[in-house]
Amino acid sequence: MTTTATTTAIAARGADRAPVVSFRGVGKSYGAVRAVADLDLELYPGETVALLGPNGAGKSSTLDLLLGLRSPDSGSLSLFGTTPQRAIEQGRVGAMLQSGGLMEGVKVKELVGLARDLHPRAYPLDRIMATAGITDIADRMVDKLSGGQEQRVRFALATAGANDLIVLDEPTTGMDVSARQTFWGAMRQQAEQGRTVLFATHYLEEADEIADRVIVLHRGRVLADGTAAEIKARAGARRVSFDLEGPIDRDALHGLPFLTALEISGGGRGDGSRHTVRIQSQDADATVHALYGLGAYPHHLEVSGLGLEQAFIALTTASDVTPATAEEAAR
Amino acid sequence: MTTLIKLEIVRALRNKKFMFFSVIYPPVLYLIIAGGADSRPIPGMKLDMGLYYMVSMAAFGAMTAVLLGNSERIAKEREKGWVRQLRLTALPGRGYVAAKMGAAATVSLPSILLVMIVAAAVKGVRLEAWQWVTIAATTWLGSFVFAALGVAIGYMATGDAVRPIAMLFYFGLAFLGGLWMPLTILPEWVQNVAEWFPTHAYAALGTAVEAGGAPHLKDMAILAGYLLVFASGAAWLYRKDTRKT
């Protein structure tokens, strides 16, 4: 049901405009490994989209396909209604790759100058340097940069001109907290100017805070697609935890309504009659109500929202246990 | 695109170690090989050892700098991901190849000139002014062919395979092109085959001028053909490089 809501929301968002990015049944394998399986995906102008997924979920492969660095085995994809190569030649796409190296033996400002020269709609050098926060290292040799500085230079290369789509693969890896904040500040500016931003990340809080749409990839498929709030709701919205004294009826607990996960710990030892129960529920009110209905007296009852991280883990592990459900969820 | 060519040249000049050895190696090799030779003409040729090796060592030295230097550096850049980053720009394949060839030619020019200076100063080679200029120019321009081959090899091979493959081309071409020893001492069938090698045509440009004539049209045509094949092959490989390295 959430899927339907999500789809409607996205359709509404993009109804008036043509998609920036469109994947239709795209598949890509490396030998026996299916990196991307039958992927359907559309991004619309002005969206800030986070691509989430555990390692090996197909994030980097998806971005490589999108940027034309690899060709799909099956299906088709387009950027701005044309091929990735053409879109890049037109200067509509800027990208910052995890695996993107830098030219060595040149100064930072020389490298950014090169990016400007190669961009059909380049910004002034000073502005690019200032936006990326690398004005102070302009004369430094590229080979002598720290990891965080390198990332900022990559960012400068990705934003050297007026791109309509910015693609970032794990952009803040190696940055400290303040650099990360500066980075996302700059990224927000880009988004406010109407650019579409797509980023893959490991940091779920980044997806939660910055993205207005989150796509969860798992085993090369879209497992969930919606706002961070919708994703959390999908995974079982609330977490309920409490302690129980005395013997417990496990079957009755498992039978509680709207349950998506149940974990019982403690018990068995000296004061052995106390158990801690942790529940994830899609309707915490109903679950707690039913709990009292069982005649139980829960101590230290806490009901809290689920972080995106827990939602993410819940989603991906659930699909690992029952692949069939994941297939359904993906639809 | 011009910025990339400029940057590649600046970068080559900044790499002092590579520059030094690339420039020093050919004249030293020239002195070792031709240093003790007398001034009698080589059997079957009008030229003596000093003259013959001046051209072949200048050619060999230029080839060392551009073929080995280019292929290894490009393979390394692909591994580090710089080429992936570059492919996300509007740079056309020919721009990349042109930049790499420009950088290689920057390194090869001084090594060519130095061989000629050493030949004149130490071995007492004397030529007309137009001959000096023409030999330097043809040897330099001819090195672009091998620079393009270097780019192509840098794209064909990855990682550890680059050096052996580049070496195979390098030694094979140098030997069969007669850069190490005059081909007149080899069986006739080898000479017939070697005539079509780019290295043979390359050295023949200079030796024709030394003998007092203009470079042969056939040799120029052979080199132009190889340049076209190598450069377009390199540009194609650059654009088609979808392997993760």
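Residues numbered from 1 in each chain as written. Chains lettered and ligands numbered in written order. Predicted model: local features only at pLDDT ≥ 70, side-chain atom pairs only at ≥ 80, totals over all residues. Heavy atoms only, no water.

- An unreviewed UniProt entry annotates chain B as ABC transporter originating from Streptomyces chattanoogensis.
- According to the UniProt record, the Subcellular location (unreviewed entry) comment for chain B reads "Membrane". (UniProt positions renumbered as here; feature names shortened; annotations may be inferred.)

1. Concerning the overall build of chain A
Part 1: Scanning chain A from N- to C-terminus turns up 13 helices and 13 strands.
Part 2: A buried classification covers 49% of the 331 residues belonging to chain A.
Part 3: When contacts within chain A are restricted to residue pairs at least 6 apart in sequence, those whose partners lie at least 24 apart make up 70%.
Part 4: With an accessible surface of roughly 14,600 Å², chain A has 50% of that area assigned to carbon and sulfur atoms. (Helix = DSSP H or I, 4+ residues; strand = E, 2+ residues; numbered from the N terminus. Buried < 20%, exposed > 50% of the residue type's maximum accessible area, 1.4 Å probe, protein only. Contact = heavy atoms within 4.5 Å. Areas by Shrake-Rupley, 256 points an atom, 1.4 Å probe, with all protein chains shown as cover.)

2. A few points about helix α5 (residues 93-121) of chain B
Part 1: For α5 of chain B, which comprises 29 residues, the first-to-last C-alpha distance of 43 Å matches the rise-based estimate of 42 Å (1.5 Å per residue) to within 8%.
Part 2: The buried fraction of α5 of chain B amounts to 21 of the 29 residues, a majority that puts the element mostly inside the structure. (Expected span 1.5 Å × (residues − 1).)

3. Description of empty space enclosed by the protein
Part 1: A full pass over the atoms with the stated rule returns five cavities of 30 Å³ or more.
Part 2: The calculated volume of the largest cavity comes to roughly 190 Å³.
Part 3: Every residue lining the largest cavity is counted, 21 residues in all, and those nearest its centre are A115, H119 and L157 of chain A together with L88 and T89 of chain B.
Part 4: Sorting the residues of the lining of the largest cavity by element identifies β5 (93-96), α4 (108-118) and α6 (147-158) of chain A together with α4 (82-86) of chain B as the ones contributing at least two each.
Part 5: Taken together, the residues that form the lining of the largest cavity break down as 15 nonpolar, six polar and no charged.
Part 6: One number sums up the size of the second largest cavity: a volume of about 100 Å³.
Part 7: Lining the second largest cavity, in full, are E8, A12, F18, A65, G69, N70, R73, K100, A103, A104 and V107 of chain B.
Part 8: Listed by contribution, the elements that provide at least two residues to the lining of the second largest cavity are α1 (2-14), α3 (49-80) and α5 of chain B.
Part 9: Residue composition of the lining of the second largest cavity, grouped by class: six nonpolar, two polar and three charged. (1 Å grid on protein atoms, 1.4 Å probe; cavity = no way out; pocket = protein on both sides within 12 Å on 5 of 7 lines; lining within 4 Å. Points joined across faces, edges and corners; volume = space filled by probe spheres on them. Nonpolar A, V, L, I, M, F, W, Y, C, P; charged D, E, K, R; others polar.)

4. Brief notes about the packing of aromatic side chains
Residue and element names in this part refer to chain B.
Part 1: The full count for this structure, using the stated rule, is 16 aromatic pairs over all chains.
Part 2: Relative to F60, the ring of Y25 lies with its centre 6.2 Å away and its plane at 45°, an arrangement referred to as tilted. One end of the pair, Y25, is in helix α2 (residues 16-34); the other, F60, is in helix α3, with 35 residues separating them in the sequence.
Part 3: Judged by its relative accessible area of 2%, F60 is buried.
Part 4: The interplanar angle of 75° and the centroid separation of 5.7 Å between the aromatic rings of F60 and W180 together place this pair among those described as edge-to-face. (Phe/Tyr/Trp six-rings, centres within 6.5 Å; stacked < 30°, edge-to-face > 60°.)

5. So, the pattern of salt bridges
Part 1: The tally for this structure, following the rule as stated, stands at 23 salt bridges over all chains.
Part 2: A salt bridge links R92 of chain A to D164 of chain A; the shortest N-O distance between them is 2.9 Å. Pair noted here: R92 of chain A is in the loop between α3 (84-89) and β5 and D164 of chain A is in the loop between α6 and β6 (165-169), with a separation of 72 residues, a long-range link.
Part 3: The exposure class of R92 of chain A is partly exposed, given its relative accessible area of 25%.
Part 4: Of the charged contacts, one joins E8 of chain B and R11 of chain B as a salt bridge, the two residues approaching to 3.1 Å between their closest N and O atoms. With a gap of three residues between them, E8 of chain B and R11 of chain B both fall in helix α1, about one helical turn apart. Across the pair, R11 of chain B and E8 of chain B agree in class, each one buried.
Part 5: Several salt bridges converge on common partners, so that one network encompasses E8, R11, E77 and K100 of chain B. (Salt bridge = Lys/Arg side-chain N within 4 Å of Asp/Glu carboxyl O.)

6. As for the UniProt feature "domain: ABC-2 type transporter transmembrane" (unreviewed entry) in chain B
Part 1: Within the UniProt annotation, "domain: ABC-2 type transporter transmembrane" (unreviewed entry) is assigned to residues 52-231 of chain B.
Part 2: Taken end to end, residues 52-231 of chain B comprises 78% helix and 0% strand; its first and last C-alpha atoms sit 29 Å apart.

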